[in-house]
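Working through the structure, step by step
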Amino acid sequence: MSPQTFEYRPSTPEEIESDDPVHGELMHLSMGPQHPATHGVLRILIDLDGETMHNVEPEVGYLHRGKEKTCESLGWAKFFPHTDRLDYVQPLMNNIGYALALEKLAGIVVPERGQIVRVLLMEVSRIAAHLIYLGTTAIDLGAVSMFFNCFKEREKIYSILDAYTGHRMNNTYVRIGGVFADVDEGVEGMLREFLEGFPAAVDGFETMLTGNRIWYDRNRDVGIITPDDARAWALTGPNLRGAGIAHDLRKAEPYSGYEDYDFEVAVGTVGDCYDRYLVRVEEMRQSTRIAMQALDRLRETRGGEVLTEDRRYVLPPKEKVMTSMEELIFQFKIVTDLRLPKGEAYQGIESSKGELGFFVVSDGSSMPVRCHIRAPGLYNVQAIPLLANRRLFSDMVAIIGSLDFVMGEVDR
Amino acid sequence: MVIVKRKELSLMERLFLPEIVRALSHSFRAIFQPKITRQYPEEGLPTNEVTRGQPRLTLLEDNETLACVSCGLCEVACPAYAITIDGQETDRFIEREPERFEIDMLRCILCGFCEEACPKDAIFMSDELELADFTRAALVYDIDKLKRPKAALQKRIDYFYKVNDRWRKSSSTS
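Please read all numbers here as calculations on a predicted model, not as lab measurements.

**What to know about the nonpolar core**
Core analysis: the largest hydrophobic core is formed by 138 residues, its most contacted members being A:Y98, A:I384 and A:M396. Considering each element in turn, this core owes the most residues, 13 residues, to helix α5 (residues 112-140) of chain A. Filtering out sequence-adjacent residues up to four positions away, A:I384 remains in contact with A:L42, A:I44, A:V56, A:P58, A:M396, A:I400, A:L403 and A:F405. Judged by nonpolar contacts, the second largest core, of 24 residues, contains B:L66, B:A82, B:M105 and B:C108.

**Focus on the interface of chain A and chain B**
Facing the 74 residues of chain A at the interface are 54 residues of chain B. Note on chain A versus chain B: buried area summed over both sides is about 5,500 Å², and carbon and sulfur give 58% of it. Interface area lost by chain A to chain B is led by A:K78, A:F180 and A:K318, which between them contribute 12%. Run the count over chain A and chain B and you get two salt bridges. Our count for the chain A to chain B interface comes out at 16 residue pairs in polar contact (both at pLDDT 80 or more). Here strand β6 (residues 266-267) of chain A pairs with strand β1 (residues 2-3) of chain B via two bridges, running parallel. Within β1(B), the residue paired with A:V267 across the bridge is B:I3.

**So, a negative patch on the surface**
Residues and elements named next belong to chain A. Together, E112, E259, D260 and E300 give the surface a local cluster of negative charge. Checked against the element boundaries, E259 lands in the loop between α11 (249-252) and β6. Accessibility expressed as a relative area gives 53% for E259, which makes it exposed.

**Comments concerning the packing of aromatic side chains**
Residue and element names in this part refer to chain A. Considering all chains together, one arrives at 16 aromatic pairs over all chains under this definition. Here F79 and Y98 contribute two aromatic rings whose centre-to-centre distance is 5.2 Å and whose plane-to-plane angle is 70°, an arrangement assigned as edge-to-face. Taken as a pair, F79 in the loop between α2 (67-74) and α3 (80-84) and Y98 in helix α4 (residues 91-106) lie far apart in primary sequence, 19 residues in all. By relative accessible area, Y98 is classed as buried at 0%. Seen from their ring centres, Y173 and F180 are 5.2 Å apart, and the 70° between their planes marks the pair as edge-to-face. For F180, a relative accessible area of 4% puts it in the buried group. Lying across the ring of Y261, R297 places its NZ or CZ 4.2 Å from the centre.

**Some remarks on the side chain of A:Q286**
Mapped onto the elements, A:Q286 comes out in helix α12 (residues 273-300). Given a relative accessible area of 6%, A:Q286 falls into the buried group. In contact with A:Q286, not counting residues within four places along its chain, are A:F263, A:E264 and B:V2.

**As for helix α17 (residues 394-403) of chain A**
Residue and element names in this part refer to chain A. For α17, the buried fraction is high: nine of the 10 residues fall into the buried class. For α17, every residue scored as buried is listed here: D395, M396, V397, A398, I399, I400, G401, S402 and L403. Phi for D404, located one or two positions after α17, is positive at around 60°.

**A word on the pairing of strand β4 (residues 96-104) of chain B**
Put simply, side chains in a regular strand alternate between the two faces of the sheet. Residues and elements named next belong to chain B. Strand direction decides the pairing type here: strand β3 (residues 83-89) and β4, joined by seven bridges, are antiparallel. Paired with T84 across the two strands is E102, which belongs to β4. Hairpin connection, β3 to β4: the antiparallel pair is bridged by six residues.

**Topic: the confidence of the model for chain A**
One rule of thumb: low pLDDT means the predicted coordinates there are not for detailed reading. Looking at chain A, the pLDDT average stands at 86 and 95% of residues meet or exceed 70. Every residue in residues 1-6 of chain A scores below 50 in pLDDT, and together they form six contacts with partners more than four places removed in sequence or on other chains.

**Examining the environment of A:H28**
Residue and element names in this part refer to chain A. Counting through the fold element by element, H28 comes out in strand β1 (residues 27-31). Sequence separation between H28 and I214 is 186 residues; the distance between their C-alpha atoms is 28 Å. Leave out the neighbours within four places in its chain, and H28 touches I46 and D47. Separated by 2.6 Å, the side chains of H28 and D47 make a polar contact.

**Examining the sheet that holds β3(B)**
Residue and element names in this part refer to chain B. On the basis of which strands lie adjacent, the open sheet formed by three strands has the order β3-β4-β6 and antiparallel pairing. This sheet does not close on itself; its edge strands, each paired only once, are β3 and β6 (140-141). Strand direction decides the pairing type here: β4 and β6, joined by two bridges, are antiparallel. Within the sheet, the bridge partner assigned to D104 lies in β6 and is V140.

**A word on the sheet that holds strand β8 (residues 355-362) of chain A**
Strands pair in a sheet through their backbones, by hydrogen bonds, and they do so in one of two ways: parallel or antiparallel. Residues and elements named next belong to chain A. With antiparallel pairing, the three strands of this open sheet are ordered in space as β7-β8-β9. The outermost strands of the open sheet, each flanked by one partner alone, are β7 (343-350) and β9 (368-374). Going across the sheet, the axis of each strand differs from the next one's by a mean of 10°, ignoring polarity.

**Regarding helix α14 (residues 325-336) of chain A**
The first and last C-alpha atoms of α14(A) sit 17 Å apart over 12 residues, in line with the 16 Å expected at 1.5 Å per residue. Listed in full, the buried residues belonging to α14(A) are A:E327, A:Q331, A:I334 and A:V335. Along α14(A), the residues classed as buried sweep out an arc of 95° about the axis, all on the same side. The exposed residues of α14(A) that point more than 90 degrees off its buried face are A:M325 and A:K333. Where the residues of α14(A) are buried, they touch α13 (318-323) of chain A together with α3 (73-77) and α4 (113-117) of chain B. The backbone nitrogen of A:E326 lies 3.3 Å from a side-chain oxygen of the residue at the head of α14(A), namely A:S324.

**What to know about the pattern of salt bridges**
One pass over the full model with this rule turns up 39 salt bridges over all chains. In the salt-bridge network here, residues are joined through shared partners; they are A:E123, A:R126, A:R241, A:D248, A:R250, A:E283 and A:E350.

**Side note on the packing of α5(A) against α12(A)**
All names here are of chain A. At a closest axis distance of 9 Å, the pairing of α5 and α12 adopts a crossing angle of 155°. As the angle between them shows, α5 and α12 are arranged roughly antiparallel. Our pair here, α5 against α12, has a crossing hand that is left-handed. Here the residues of the contact of α5 with α12 sort into 15 nonpolar, three polar and seven charged.

Each value, and the rule that gives it
Residues numbered from 1 in each chain as written. Chains lettered and ligands numbered in written order. Predicted model: local features only at pLDDT ≥ 70, side-chain atom pairs only at ≥ 80, totals over all residues. Heavy atoms only, no water. Core = buried A, V, L, I, M, F, W, Y, C linked by side-chain atoms within 4.5 Å. Buried < 20%, exposed > 50% of the residue type's maximum accessible area, 1.4 Å probe, protein only. Helix = DSSP H or I, 4+ residues; strand = E, 2+ residues; numbered from the N terminus. Contact = heavy atoms within 4.5 Å. Buried area = accessible area lost by both parts, 1.4 Å probe. Salt bridge = Lys/Arg side-chain N within 4 Å of Asp/Glu carboxyl O. Polar contact = N/O pair within 3.5 Å; in protein donor to acceptor, adjacent residues only side chain to side chain. Pairing = 2+ DSSP bridges. Patch = residues over 30% accessible without salt bridge, like charges linked within 9 Å, V, L, I, M, F, W, Y side chains within 5 Å. Areas by Shrake-Rupley, 256 points an atom, 1.4 Å probe, with all protein chains shown as cover. Lys, Arg positive; Asp, Glu negative; His and termini not counted. Charge placed at Lys NZ, Arg CZ, Asp CG, Glu CD. Phe/Tyr/Trp six-rings, centres within 6.5 Å; stacked < 30°, edge-to-face > 60°. Lys NZ or Arg CZ within 6 Å of the ring centre and 35° of its normal. pLDDT = per-residue confidence, 0-100. Axes fitted to C-alpha atoms, helices over the stretch in contact; angles between N-to-C directions. Expected span 1.5 Å × (residues − 1). Arc of directions from axis to C-beta. Parallel < 35°, antiparallel > 145°, perpendicular 65-115°, else oblique. Left-handed = near helix turned anticlockwise from the far one by under 90°. Nonpolar A, V, L, I, M, F, W, Y, C, P; charged D, E, K, R; others polar.

In structure tokens form, the structure reads like this:
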């Protein structure tokens, strides 16, 4: 492969001085870390020449909590609540990504119904995360009612997750080998009701935005990224697909049985903010389709197990712990000293932001040697200078919004 | 693969005024939809047995003795290091009991791992959610603040056993 040519280059002195009334006097602007449009604590250093941005430099690390290091001293199972807090708008997706990596390492097979429940949870989480993207980006660009419309829909998802897991956010309901509890009929009914009404809600969003001239003018041809650049900067997810590359891990490297579901990968053509918006809206529709199929399969597999029966890694049922000495010993062993076999494993999943990967290394003891998190948000943040340099300052908000990152995951 | 359709604005859309009317008509429809705002705290949070609120210790049927035998499993399982237990021997029918059992509610993340780990049905997530006080020390709950009669947690216990009933077809070791 030939060396990549990057579109990004620092602004030349001529460009900076060309239409500047005060020659060479740039205004240094520090956008963030508490700027409402930066979606968290991201600081962007900008040199402003009038309205034109030069030397754009994102500065990450304000929300660094040392998650990867924490994992090394916490043990395998106890890290699950910490994965919730990576990309906190889709906690269950992170749980599942981490669980899949551990399962790959230990060679655990999740029962069919467990996989279906996981797919369902992942797609519902994806819808919730895209709703956050849409709502926050729209309010940044001035469409206040969109924010409330999106959060109204998201609220329904969170009520359903509340009825299923007992928490609205930070659910921690995924375990090694499956999910903690089965989706019962009540929750299933709530989900079906929501998913049936959701396409109409998406149409409503499109009514408000797609043909809206303000939205159109502020997003179209703003922040264009070419397919080559997107690939070179390791963008994944809707940002890559918006640039026209049909790469989706659910199709490319299926996990959790995604190969059995019927859905399409949404792809853009130009790679601007408007395309990324359209791709995400289409993904919400496709996610609804997948979730509906998963619901149908749940009906077919009623009564199946959601947690694999493997006494080395999974806690035995409480009933048996109370009655059997053998199970009680397993209970103590797993809680105090859960060991995964020696080796390393990487598992990437298609999260709402891109490829969310967990790379885990084990030396056979109960503590991980390393747990690296490939957070898609970090790569999305990296692309900001590429998209924003030499553009007008007001485009910055659209670019940040359309790249869609969550700082909890970027800084981790 | 589905290529998303980029819309070219029509004349009406470029004129913008008719579009404002169309979008406003969409927005104004929300007036006639049921209100979704919950007037907290006047209207309480709906809780049921699924709710994972703060962990509480169960008492045995006599409503005096803790079911806890201070084995320390919840302490080990806690990912936030919120639980501290000191055990001691007693001459009661349960030979061990916690001398000190503290849960730092400021650290607790309500994940429910303690409830899952406990081999004696001694700790369960209650539906108590609200947590506020004036000092940090007051939020480190001791046994007196944590203990609850079993009847108060019975719904949660039943629910937990229901969702935990797995491996039904397994060749049980018991």
